[in-house]
Amino acid sequence: MTDSIPLGSGAAIPYRYLTRHVGIFGATGTGKSTTLGAIVERAPCPVLVLDAKGDLESLGDCIFPQMRVGSLGADLIARALDLSDAQAGAIQIALAWADDTGRVVATLADLRALLNDACGADLSASYGLVSPVSVAAVQRALLRLERGAPWAFGRSSFDPRDVSGVTVLTCGMLAAVPGLYGAFAAHVLESLYSGLGEIGDVAAPGLMVMIDESHLVFDGATPAVVRRIEQITRLIRSKGVGLIYVTQSPSDLPHVISGQLATRVQHALRGSTSHHLKALKAAADTMPGSITVADIMGLGTGHAIVSVPDSRGAPLPGRSVAIQRGRKELCSMGACIPPAVVESRPSTPDRPVDVVPKRKPRPWWHWPLAVGVVLYGAVLIGNMV
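Going along each chain's sequence as written, the residues are numbered from 1 onward. This being a predicted model, a pLDDT of at least 70 is required before a residue's local features are given, and a value of 80 or more before pairs of side-chain atoms are given or counted; all residues contribute to the totals for chains, interfaces and linings. Side-chain metrics in this entry use all non-hydrogen atoms of the structure; hydrogen atoms and water are not considered.

1. Overview of the overall build of the protein
Here's step 1: Regarding its fold elements, the protein presents 14 helices and eleven strands.
Here's step 2: Of all 385 residues assigned to the protein, the portion counted as buried reaches 48%.
Here's step 3: By definition in these notes, contact holds between two residues if any of their heavy atoms fall within 4.5 Å. Here the contacts in the protein between residues at least 6 apart in sequence split such that 75% fall between residues at least 24 apart.
Here's step 4: Accessible surface is estimated by sampling points in the Shrake-Rupley manner with a 1.4 Å probe; for residues, cover comes only from the protein chains shown. Here the protein has roughly 19,300 Å² of accessible surface; of this, 56% comes from carbon and sulfur atoms. Think of it this way: any DSSP run of H or I at least four residues long counts as a helix, any run of E at least two long counts as a strand, and we number them from the N terminus. Accessible area is worked out with a 1.4 Å probe on protein chains only. A residue is then buried under 20% of its type maximum, exposed over 50%, and partly exposed in between.

Here it is in structure tokens:
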């Protein structure tokens, strides 16, 4: 089929069903990255890759993510800062006040100043009480981001609608800060959903978004954030956007989202603990066809059980497939450096600089000896005269 993404052994994802989303599952080292690399390379549209580990940079052009604080909204700021409900309420009141007064909040410094001003202003009558205790807790959480990822927030933000070809957002340093990667991924999805127009069913997507380590998007997220991502996953297909969720097990995702994945690629899972066995059973039960736990455990590296939609969109029974890998080797390029890190590095000269060797210090007896030689020479000259 020329209008589909081939995966191997006759299994292919029809272009028209890519907007019904893809799930790639499997334990570490079983071939998930090979599969996602093959899909990204063969996609019929631009692809935005959220790389949580740094091993997908070779797939395309790498950029570092950057957000405007104000565009995140109170829920996602609270997610990034890992705030309690009361602390999130202080953020919500402060941002509402800033919006009503036309105040720009783009950076972490802007947010810190806004919170200080909100704490000193009398906002209780119009917005609600801003507790100094809550503001102090938020300020401490801000310090964690200012130290951990200061380059992630700035006045210029990334617009996911401007993607061309394959763009890799190097989110490894975001993932190292609890909650920040999940907040950024949710922000990307929200930006696309709110910024794109309705186009209905299409023959091929206009954009695909691959979310690596997608369980991090939901771990620790508030119910409001999870519900919003579930809603976007259900409805974003009408915007011509297809999503690829990549994680270890289907049970890592909310059941609403797992149920939206028309294409499933299940690599091997391990059964060494009771938790792993539960995930194995869930993976087998949710795969179309008569798939057993033993089938999933017996998969070799680079092999997967694949279920794709048929011509009518119904899921075909899962079948074992040797994934046809892409052309590019997946690795970290090591060329992307956060802006703050770049600025702190000393500049490298364009050409070699001649180094003048330092002279060795003269010994202590050098000058007395020199004076003695001069005086002795003067005496000899006097006697000759």
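Here the narrative resumes.
2. Some remarks on the pairing of strand β8 (residues 241-247)
Here's step 1: Counting buried residues along β8, seven of its seven residues qualify, which places the element largely inside the surrounding structure.
Here's step 2: Every second residue of β8 is oriented toward a common face, with Val-241, Leu-243, Tyr-245 and Thr-247 on one face and Gly-242, Ile-244 and Val-246 on the other, all of them buried.
Here's step 3: For strand β3 (residues 22-25) and β8, the ladder comprises four bridges, and the chain directions are parallel. Note that in β8 the partner of Ile-24 across the bridge is Val-246. Criterion used throughout: strands pair if DSSP finds at least two bridges between them.

3. Here's the deal with the confidence of the model for the protein
Parts of the prediction with low pLDDT should not have their coordinates interpreted in detail.
Here's step 1: Per-residue pLDDT for the protein has a mean of 85; in total, 86% of the residues score no lower than 70.
Here's step 2: A residue's pLDDT is the confidence the predictor assigns to it, expressed on a 0 to 100 scale. Throughout residues 341-360 the model reports pLDDT below 50, and contacts reaching past four residues in sequence, or to other chains, amount to two contacts.

4. A short note on the packing of aromatic side chains
Here's step 1: Pairing of aromatic side chains here covers Phe, Tyr and the six-membered ring of Trp, requires ring centres within 6.5 Å, and sorts the geometry by plane angle: under 30 degrees stacked, over 60 edge-to-face, intermediate tilted. Tallying each qualifying case throughout the model produces two aromatic pairs.
Here's step 2: Both rings, one in Phe-64 and one in Trp-151, keep their centres 5.1 Å apart while their planes meet at 80°; by these two values the pair is edge-to-face. One end of the pair, Phe-64, is in the loop between β5 (61-63) and α2 (69-81); the other, Trp-151, is in the loop between α5 (132-148) and β6 (166-170), with 87 residues separating them in the sequence.
Here's step 3: The buried category is assigned to Trp-151, whose relative accessible area is 4%.
Here's step 4: Between Phe-218 and Tyr-245, the ring centres sit 6.5 Å apart and the planes meet at 40°, which makes this aromatic pair tilted. Residue Phe-218 is found in helix α8 (residues 215-218), and its partner Tyr-245 is found in strand β8; the two are separated by 27 residues along the sequence.
Here's step 5: Relative accessible area serves as the criterion here: at 1%, Tyr-245 is assigned to the buried category.
Here's step 6: Over the ring of Tyr-193 we find Lys-239; its NZ or CZ atom is 4.7 Å from the centre of that ring. Charges are assigned to positions over rings by a cutoff of 6 Å between ring centre and Lys NZ or Arg CZ, combined with an angular limit of 35 degrees from the ring normal.

5. Some words on unusual backbone geometry
Here's step 1: At Ser-9, a position not held by glycine, the phi torsion is positive, near 55°.
Here's step 2: Classification of Ser-9 by relative accessible area gives partly exposed; the value is 45%.
Here's step 3: Even without being glycine, Glu-213 reaches a positive phi, approximately 50°.
Here's step 4: Here Glu-213 is to be found in the loop between β7 (207-211) and α8.

6. Some words on the side chain of His-267
Here's step 1: In this fold, His-267 is placed in the loop between β9 (263-266) and α11 (274-286).
Here's step 2: For His-267, a relative accessible area of 0% gives the class buried.
Here's step 3: In this structure the side chain of His-267 is engaged in a polar contact, spanning 3.4 Å, whose partner is the backbone oxygen of Gly-31. Distance and chemistry together define a polar contact, namely a pair of N or O atoms within 3.5 Å, with one atom able to donate a hydrogen and the other to accept it when in protein, and with adjacent residues in sequence counting only for side-chain atoms on both sides.

7. Details of the sheet that holds β7
Here's step 1: With mixed pairing, nine strands are arranged side by side in an open sheet as β5-β6-β4-β7-β8-β3-β9-β10-β11. Unpaired on one side and paired on the other, β5 and β11 (319-322) mark the two borders of the sheet. Going across the sheet, the axis of each strand differs from the next one's by a mean of 20°, ignoring polarity.
Here's step 2: As paired strands, strand β4 (residues 47-51) and β6 are joined by five bridges and run parallel to one another. To obtain an axis, a line is fitted to C-alpha atoms, over the contacting stretch when the element is a helix, and the angle between two such axes runs from 0 to 180 degrees between their N-to-C directions.

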